[in-house]
Amino acid sequence: MKTELKHYKVDEICKGFVYNELEGKGLFGLSGRLTIQPEYQRNYIYAESKRDVAVIESLLKGYPLGLIYFNKVSEDNLEVLDGQQRITSFGRFVTGKFAVKDENGLEQYFSGLAQDKQELILNSDLLVYECEGAESEIKEWFKTINISGVPLKDQELLNAVYSGPFVTLGKEEFSNSKNANIQKWSAYVSGAVDRQEYWERALEWVSRGKENIARYMSAHRNEKSIAEVKTYFNSVIDWVSGVFLDVFKEMRGLEWGRLYEEYHSKAYDPKKLSARVHELYDDPYIHNQRGIWEFVLSGETHPNLLNVRVFDEPLKRQAYNAQTKAAQLAGISNCPLCAVGHAANDDKIWKLAEMEADHVSAWSKGGATSADNCQMLCKTHNRAKGNN
């Protein structure tokens, strides 16, 4: 790959600057010659952390903004390879999109700054490497130079590798914070829209697993439709919101794509399911509330999903001492199941370390994790007893 170091002024870059507020990205600069956010670039994120203000403060102090990289697409056209966040920040400021505080703590837009300060910003020198190379070289370089700073998310890297009409449409639908559907989706999908996490989730679901996203994007890279992704994603969301009548904060970010695949063909009574979810949600013995939804979908066959509270050490020792004392007086084993058997262990006194606590009446059948429902069994019998 060929590179050439050049100098630009902020004023040059800002000529013809266009920023799309709806999509949250800088579009063009250098009088239309520079594409600020090619499709492989992530959305503009500096404004969220006020790093946009820090960029302007650096320029006002005369600090360099660091190296910027352009990809030379043709003799007359460039695109930002690295530096998109910084360029969008000073472009937004110069065009009056946000204000910074002056030395008196007062908010000042660019137009309100003193003339010398305006000129200081506009005349700031930018060091830019212009790069030329094959697409694969440019994409590899893009990944390399983005290791530092705000690290790229996995999906942002994949967007770079498989940029094209498919990614463009996907970002317009799933990475647009102004999309009216985001509020509904956010009840079940976690992450930041502008960091491509909703787009990633949609791809994960339709490709049946995060490990399949790259292959799916490669296969669909040049398609001018994301209908399959949208249809599948909305099918999952509609199924979840139809099966469960209420929304709990713990539902956000669950593996709904996998659960849809496993359970959407089964029939459920939403009212009964809702009542059961509320009952389990209020159960003080359940430690993992996020497991409730898969537990009820599976027919309550996997109580391990709930991490039901186990008997603590003092309670186990109390049960052990009581059972052992009674067993020694009766001449039988302190494991109740050994005691009623006819094997060599029917009178064996097990050590505490050789026994495990068990619910006399199983938790799944309403048994409480309490002293009067605790018994100690030898490990062999406890592990054979299961959920009975």
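Everything discussed here concerns the structure shown above.
The numbering scheme is per chain: residues are counted from 1 as the chain's sequence reads. For this predicted model, a pLDDT threshold of at least 70 governs which residues receive local features, and a threshold of 80 or more governs which side-chain atom pairs are given and counted, while totals over whole chains, interfaces and linings are taken from all residues. Side-chain metrics in this entry use all non-hydrogen atoms of the structure; hydrogen atoms and water are not considered.

J.: Would you explain the overall build of the chain in this entry?
T.: Looking only at helices and strands, the chain features 18 helices and 11 strands. Each residue is placed in one exposure class: buried if its accessible area under a 1.4 Å probe, protein chains only, is under 20% of its type's maximum, exposed if it is over 50%, and partly exposed if it falls in between. A total of 388 residues make up the chain; the buried ones form 47% of that total. A contact between two residues is defined here by any heavy atoms of the two lying within 4.5 Å. Expressed as a percentage of contacts within the chain between residues at least 6 apart in sequence, the contacts between residues at least 24 apart total 63%. Carbon together with sulfur atoms contributes 50% to the accessible area of the chain, which is approximately 19600 Å² in total. For this count, His and the chain ends are skipped, Lys and Arg are scored as positive, and Asp and Glu as negative. Where a charge sits is defined by one atom per residue type, namely NZ (Lys), CZ (Arg), CG (Asp) or CD (Glu). Averaging the coordinates of the 48 positive side-chain charges in the chain and doing the same for the 55 negative ones gives two points 3 Å apart. Numbering of helices and strands runs from the N terminus; a helix is a DSSP stretch of H or I covering at least four residues, while a strand is a stretch of E covering at least two. Shrake-Rupley sampling with a 1.4 Å probe provides the accessible areas, and residues are treated as covered by the protein chains on show and by no other component.

J.: Help me understand the side chain of serine 333, please; the structure alone is not making it clear to me.
T.: Within the secondary structure, serine 333 is located in the loop between helix H16 (313-330) and helix H17 (336-339). For serine 333, a relative accessible area of 3% puts it in the buried group. Within the structure, serine 333 has its side chain in polar contact with the backbone oxygen of lysine 348 (distance 2.7 Å). With near-sequence residues (within four places) excluded, serine 333 lies in contact with Ala327, Cys338, Ala339, Asn345, Asp346, Asp347, Lys348, Ile349 and Trp350. Counted as a polar contact is a pair of N or O atoms within 3.5 Å, where, for protein atoms, one must be capable of donating a hydrogen and the other of accepting one, and residues adjacent in sequence contribute only when both atoms are in side chains.

J.: Would you mind going over the pairing of strand E9 (residues 125-132) with me for this structure?
T.: On any regular strand, side chains alternate: one points to one face of the sheet, the next to the other face. For two strands to count as paired, DSSP must find a minimum of two bridges between them. Bridging between strand E1 (residues 2-9) and E9 involves eight bridges; their strand directions are antiparallel. From the neighbouring strand, threonine 3 faces E9, where its bridge partner is cysteine 131. When strand E5 (residues 68-72) meets E9, the two strands line up parallel, connected through four bridges. Each residue of the ladder has a partner; that of isoleucine 68, found in E9, is valine 128.

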